[in-house]
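Each chain, letter by letter, is given below.
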Amino acid sequence: TFLAGGGRMLLAMAGAMSTAELGLSLAEMIRRGKIHAISCTGANLEEDIYNLVAHDHYVRIPNWRDLTPEDEHELLSRHLNRVTDTCIPEEEAIRRIEDAILDEWVRADRMGERYFPHEFLYRVLRSGRLEPYYQIDPRDSWMVAACEKNLPIFVPGWEDSTSGNIYASHCISGTIENVHTVRGGIETMMALAGWYSEEAQAGPLGFFQIGGGIAGDFPICVVPMLRQDLQMHDTPLWGYFCQISDSTTSYGSYSGAVPNEKITWEKLDITTPKFLIESDATIVAPLIFAYVLAS
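Residues numbered from 1 in each chain as written. Predicted model: local features only at pLDDT ≥ 70, side-chain atom pairs only at ≥ 80, totals over all residues. Heavy atoms only, no water.

Novice: Mind laying out the overall build of the protein chain, listing which residues take part and the relevant values?
Specialist: The helix and strand tally for the protein chain stands at 11 helices and nine strands. Computed over C-alpha atoms, the radius of gyration of the protein chain comes to 19 Å, within 12% of the 19 Å expected from 2.2 N^0.38 for 295 residues, which places it in the range of a compact globule. Dimensions along the principal axes, computed over C-alpha positions, put the protein chain at roughly 55 × 50 × 40 Å. Total accessible area on the protein chain stands at roughly 13,900 Å², and carbon and sulfur atoms take up 53% of it. Across the protein chain, the 23 positively charged side chains and the 41 negatively charged ones have centroids separated by 6 Å. (Helix = DSSP H or I, 4+ residues; strand = E, 2+ residues; numbered from the N terminus. Rg over C-alpha atoms; globule rule 2.2 N^0.38 Å. Areas by Shrake-Rupley, 256 points an atom, 1.4 Å probe, with all protein chains shown as cover. Lys, Arg positive; Asp, Glu negative; His and termini not counted. Charge placed at Lys NZ, Arg CZ, Asp CG, Glu CD.)

Novice: Break down the side chain of Ser 25 for me, citing the residues and quoting the values.
Specialist: Among the secondary structure elements, Ser 25 is positioned in helix α1 (residues 23–31). Residue Ser 25 is classed as buried on the basis of its relative accessible area of 13%. Apart from residues no more than four positions distant in its own chain, Ser 25 is found in contact with Pro 286, Phe 289 and Leu 293. (Buried < 20%, exposed > 50% of the residue type's maximum accessible area, 1.4 Å probe, protein only. Contact = heavy atoms within 4.5 Å.)

Novice: Can you explain the pattern of salt bridges? Please cite residues and give values.
Specialist: Under the defined criterion, the tally for this structure stands at 16 salt bridges. In this structure, the salt-bridge partner of Arg 123 is Glu 104, at a minimum N-O distance of 3.3 Å. With a gap of 19 residues between them, Arg 123 in helix α5 (residues 117–127) and Glu 104 in helix α4 (residues 90–111) connect regions that are remote in the sequence. When its relative accessible area of 28% is taken as the criterion, Arg 123 is described as partly exposed. (Salt bridge = Lys/Arg side-chain N within 4 Å of Asp/Glu carboxyl O.)

Novice: Pulling in residues and values, what's your account of the packing of α5 against helix α6 (residues 142–149)?
Specialist: Two measures define how a pair of helices packs: the angle their axes make with one another and the distance between the axes. Where α5 meets α6, the closest approach of the two axes is 10 Å, and the angle between their N-to-C directions is 90°. Taken together, the axis directions place α5 and α6 in an arrangement best described as roughly perpendicular. The residues of α6 that touch α5, namely those facing Leu 121, Tyr 122, Leu 125 and Arg 126, are Met 143, Val 144, Ala 146 and Cys 147. Taken together, the residues of the contact of α5 with α6 break down into seven nonpolar, no polar and one charged. (Axes fitted to C-alpha atoms, helices over the stretch in contact; angles between N-to-C directions. Parallel < 35°, antiparallel > 145°, perpendicular 65-115°, else oblique. Nonpolar A, V, L, I, M, F, W, Y, C, P; charged D, E, K, R; others polar.)

Novice: So what's going on with the sheet that holds strand β6 (residues 153–154)? Which residues, and what values?
Specialist: Pairing is parallel across the open sheet formed by six strands, whose spatial order is β6-β2-β1-β7-β8-β9. Each end of this open sheet is capped by a strand with a single partner; those strands are β6 and β9 (274–277). (Pairing = 2+ DSSP bridges.)

Novice: Help me get a handle on the nonpolar core, residues and values and all.
Specialist: Counting residues in each nonpolar core, the largest one holds 65 residues, and the members touching the most others are Leu 26, Trp 105, Trp 142, Ile 153 and Ile 210. Considering every element that reaches this core, the biggest residue donor is α4, with nine residues. The residues touching Leu 26, leaving out its near neighbours within four places in the chain, are Leu 11, Met 13, Ile 35, Trp 142 and Phe 289. Core analysis: the next-biggest nonpolar cluster, separate from the first, contains 21 residues, Leu 10, Phe 154, Met 189 and Phe 241 among them. (Core = buried A, V, L, I, M, F, W, Y, C linked by side-chain atoms within 4.5 Å.)

Novice: Talk me through the side chain of Arg 227; I want residue IDs and the actual numbers.
Specialist: By the element assignment, Arg 227 lies in helix α10 (residues 222–229). Within polar-contact distance, the side chain of Arg 227 engages the backbone oxygen of Thr 235 at 2.5 Å. The contact partners of Arg 227, leaving out residues within four places of it in the chain, are Met 232, His 233, Thr 235, Leu 237 and Glu 266. (Polar contact = N/O pair within 3.5 Å; in protein donor to acceptor, adjacent residues only side chain to side chain.)

Novice: How would you explain the sheet that holds strand β3 (residues 59–60) if you had to name every residue and give the values?
Specialist: One open sheet accounts for three strands, arranged β3-β5-β4; its pairing is antiparallel. Only two strands of the sheet have a single neighbouring strand rather than two, namely β3 and β4 (80–83). Bridge count between β4 and strand β5 (residues 86–89): four bridges; the pairing is antiparallel. Looking across to β5, one finds that Asn 81 is bridged to Ile 88. Against the sheet, α4 touches β4 and β5, its axis set at about 55° to β5.

Novice: Talk me through the packing of aromatic side chains; I want residue IDs and the actual numbers.
Specialist: The tally for this structure, following the rule as stated, stands at nine aromatic pairs. Aromatic pair Tyr 196 and Trp 238: ring centres 4.8 Å apart, planes at 65°, arrangement edge-to-face. Remark: Trp 238 occurs in the loop between α10 and β8 (240–244) and Tyr 196 occurs in helix α8 (residues 185–199); sequence separation between them is 42 residues. Overall, the relative accessible area of 0% leaves Tyr 196 in the buried class. (Phe/Tyr/Trp six-rings, centres within 6.5 Å; stacked < 30°, edge-to-face > 60°.)

Novice: Tell me about helix α7 (residues 162–173), and please be specific about residues and values.
Specialist: Look at α7: 17 Å from first C-alpha to last across 12 residues, which is about the 16 Å you get at 1.5 Å a residue. The complete set of buried residues in α7 reads Ser 163, Gly 164, Ile 166, Tyr 167, His 170 and Cys 171. Angular distribution of buried residues about the axis of α7 spans 160°; they occupy a single face of the element. Seen from the open side of α7, the exposed residues pointing more than 90 degrees away from its buried face are Ile 172 and Ser 173. Along its buried surface, α7 packs onto α2 (42–54) and α4. Once α7 finishes, Gly 174 follows within two positions and takes phi at roughly 95°, a positive value. (Expected span 1.5 Å × (residues − 1). Arc of directions from axis to C-beta.)

Printed below as a string of structure tokens:
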């Protein structure tokens, strides 16, 4: 009801949902104005573009649970990077993107300009440089849809993504002189705080989380930061919270905290609608998106 009722939403996306081709439903959610900002891992940010330009070169591994170390090494020898049952081809995907984004990094570095990770990818998409390599309908790419909307995307921990590793290597080699040409985590939180403060004035903002980890932990913290650290006590709490997770609550689990625990951190209120769906996000998220789009 809350998702379909026309309310505004921040989507927090962890896991490998882009490689699972969530763009098939997420892109339309973005185009139809159902999502107002995204917080995602650097992997999800780049892997949607990988799928866009190298889909036909992906290799599916139906028996992935039975692979031996020798099987995995054989995939390495073929330059295939496995994500569950799907292998991303290094040359057709990763290196093709590297060539395009490196030019944008270097250009910004030489001009003394600085951008967030998603802004560099937006620049690559808008340049048209990758269009000759498209292997899926671009309408099924959530990054293309986000680029068209100029959607705010917050990417905590971008440094641990493949693109982040590549960027670090070019900073080490000296190709990029200013390591801060790609804006980092603290600036990302500051940008999120500005976005939330402005958007919350127009009404409640919902929080829809896929998986656990930093993609969700990072953005949900903006509310207690504003209320407690900046003493902006009139900052509204999140309007609702919904998470798809299969993590068991424990000290060592992957952000398996139940929604009520977030009350103690002043992220949610006693009366905040809270939902925890314990299932496979690759099944549940498209079903929920389909329901929202049909409503």
